[in-house]
Amino acid sequence: MLFRSGSTAVLQRSGLGLTLPLGQRASANVVTPVYGVFPNPPAGPKDPGLQMCYFAGQEGVLLRETYFHYPGSIAVSLPGWFEENMARMQDYAHLSCIGVVVPTGPHGNVGNGGHLYLALNDDEFARMKQGVVEAANDLFGAGAVRVHLASKDPISFEVAQRADLPALLDAAIQDQGDLNLATAHPQGGNAISTTPDIAVVDSDFQVHGVQGLFVADASLFPAACGVNPMLTTMALAHLAATSVNEFVA
């Protein structure tokens, strides 16, 4: 996966990467959607918005989130091209979606220009596949007659295949490139730590060796948090503001 990590890129351009472990210990909340097709349109507002709630499988290891969006966004992640994709999109009003979320360990890196390079390791990929099976079962249990995966090649399962889902998924998804994996939440790259080997930022949120230069965003995370990181990032910013106030006072 390739994303951008802005604050790490800024620090790299300053030349600080020569002395600090910039760009290391990068991670993300990686997600793939699973769509269920229901006989009747699910009850709810016409405007899908982006309402989310979480169902924890193993907290901090595997989560499932409700997710739905506008037709253009859904079309991109539904499998198939041209007429095949159009046929699936004709079920738009009958679709519901569960996103499978796997927080990665800090094994990615932020390269030149702030590009984040990250792939699931074997354990994370196994958890992602487990989550896809659980999400499909959740949708079937709620009344879906069919599920679509966000996959490179079109993959759908019928409710009659529910008992065989683990084996069918293993046969269909053998490499993480077979799934559409994404994230809106890259994390890490400027680790906050009291351990010198991994620390870019100290406990006062200052960049090591640069007095008065503070960082307060998700790049400080030691590993992916699993859920939306907004509240944690806001909490870090609140703590960092205290250090900034003390510095300028």
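Attention in this report is confined to the structure presented alongside it.

Cut-offs applied
Residues numbered from 1 in each chain as written. Predicted model: local features only at pLDDT ≥ 70, side-chain atom pairs only at ≥ 80, totals over all residues. Heavy atoms only, no water. Helix = DSSP H or I, 4+ residues; strand = E, 2+ residues; numbered from the N terminus. Buried < 20%, exposed > 50% of the residue type's maximum accessible area, 1.4 Å probe, protein only. Contact = heavy atoms within 4.5 Å. Areas by Shrake-Rupley, 256 points an atom, 1.4 Å probe, with all protein chains shown as cover. Expected span 1.5 Å × (residues − 1). Polar contact = N/O pair within 3.5 Å; in protein donor to acceptor, adjacent residues only side chain to side chain. Salt bridge = Lys/Arg side-chain N within 4 Å of Asp/Glu carboxyl O. Pairing = 2+ DSSP bridges. Core = buried A, V, L, I, M, F, W, Y, C linked by side-chain atoms within 4.5 Å. Phe/Tyr/Trp six-rings, centres within 6.5 Å; stacked < 30°, edge-to-face > 60°. Axes fitted to C-alpha atoms, helices over the stretch in contact; angles between N-to-C directions. Parallel < 35°, antiparallel > 145°, perpendicular 65-115°, else oblique. Left-handed = near helix turned anticlockwise from the far one by under 90°. Nonpolar A, V, L, I, M, F, W, Y, C, P; charged D, E, K, R; others polar.

A word on the overall build of the protein
Across its full length, the protein carries six helices and 10 strands. Burial statistics for the protein: of 249 residues in total, 44% are counted as buried. Taking the intrachain contacts of the protein between residues at least 6 apart in sequence as the baseline, contacts between residues at least 24 apart amount to 70%. When the accessible surface of the protein is split by element, carbon and sulfur atoms take 57% of a total near 12500 Å².

Some remarks on helix 4 (residues 122-141)
Look at helix 4: 29 Å from first C-alpha to last across 20 residues, which is about the 28 Å you get at 1.5 Å a residue. Buried within helix 4 we find Glu124, Phe125, Arg127, Met128, Lys129, Gly131, Val132, Val133, Ala135, Ala136, Leu139 and Phe140. Between the side-chain oxygen at the start of helix 4 and the backbone nitrogen of Asp123 there is a gap of 3.2 Å, and the oxygen is on Asn121. A positive phi of about 115 degrees marks Gly143, the residue just after helix 4.

Considerations on the pattern of salt bridges
Going through the model one piece at a time under the given rule, you end up with five salt bridges. For Glu84, the salt bridge identified is with Arg88, shortest N-O distance 3.6 Å. Taken together, the residues Glu84 and Arg88, both in helix 3 (residues 83-89) and four residues apart, mark about one turn of the helix. Judged by relative accessible area, which is 11%, Arg88 ranks as buried. Among the ionic pairs, Lys129 bridges to Asp170, the shortest N-O distance being 2.9 Å. Remark: Asp170 occurs in helix 5 (residues 165-172) and Lys129 occurs in helix 4; sequence separation between them is 41 residues. When its relative accessible area of 14% is taken as the criterion, Lys129 is described as buried. Judged by relative accessible area, Asp170 falls into the partly exposed class, the value being 45%.

Thoughts on the pairing of strand 8 (residues 146-149)
One ladder, built from four bridges, connects strand 2 (residues 24-37) with strand 8; its direction is antiparallel. Counted as the bridge partner of Tyr35 is His148 from strand 8. Across three bridges, the pairing between strand 8 and strand 9 (residues 156-158) is antiparallel. Among the inter-strand pairings, His148 is bridged to a residue of strand 9, identified as Ser156. Hairpin connection between strand 8 and strand 9: a loop of six residues separates the two successive antiparallel strands.

Focus: the nonpolar core
By size, the foremost hydrophobic cluster in this structure holds 27 residues, and its most contacted members are Val34, Met128, Leu149 and Phe157. Of all the secondary structure elements, the ones that give two or more residues to this core are strand 2, strand 5 (95-103), helix 4, strand 8 and helix 5. The dominant element in this core, judged by the number of residues it contributes, is helix 4, at eight residues. Beyond its immediate stretch of four places on either side in the chain, Phe157 contacts Phe140, Val145, Arg146, Val147, Leu149, Leu165, Leu168 and Leu169.

A look at the packing of aromatic side chains
Under the counting rule described, the total for this entry stands at two aromatic pairs. Here the aromatic rings of Trp81 and Phe82 are separated by 6.4 Å at their centres, their planes lie at 40 degrees, and the arrangement is tilted. Under the relative-accessibility criterion, Phe82 is labelled exposed at 68%. Ring geometry for Phe214 versus Phe247: centroids 5.8 Å apart, planes at 75 degrees, classification edge-to-face. Remark: Phe247 occurs in helix 6 (residues 230-248) and Phe214 occurs in the loop between strand 10 (186-189) and helix 6; sequence separation between them is 33 residues.

Re the side chain of Thr32
With respect to the element layout, Thr32 can be found in strand 2. Among the polar contacts listed, one links the side chain of Thr32 to the backbone oxygen of Asn180, at a separation of 3.0 Å. Excluding anything up to four places from it in sequence, Thr32 contacts Ile98, Gly99, Val100, Met128, Val132, Ala150, Leu179, Asn180 and Leu181.

Describing the packing of helix 4 against helix 5
To characterise two packed helices, one gives the angle between the axes of the helices and the distance between these axes. Between helix 4 and helix 5, whose axes approach to 10 Å, the crossing angle comes to 130 degrees. Judged on the interaxial angle alone, helix 5 and helix 4 are oblique. Judged by the twist between their axes, the crossing of helix 4 over helix 5 is right-handed. Residues Lys129, Val132, Val133, Ala136, Asn137 and Phe140 of helix 4 form the contact with helix 5, whose participating residues are Leu165, Pro166, Leu169 and Asp170. A class-by-class count of the residues in the contact of helix 4 with helix 5 yields seven nonpolar, one polar and two charged.

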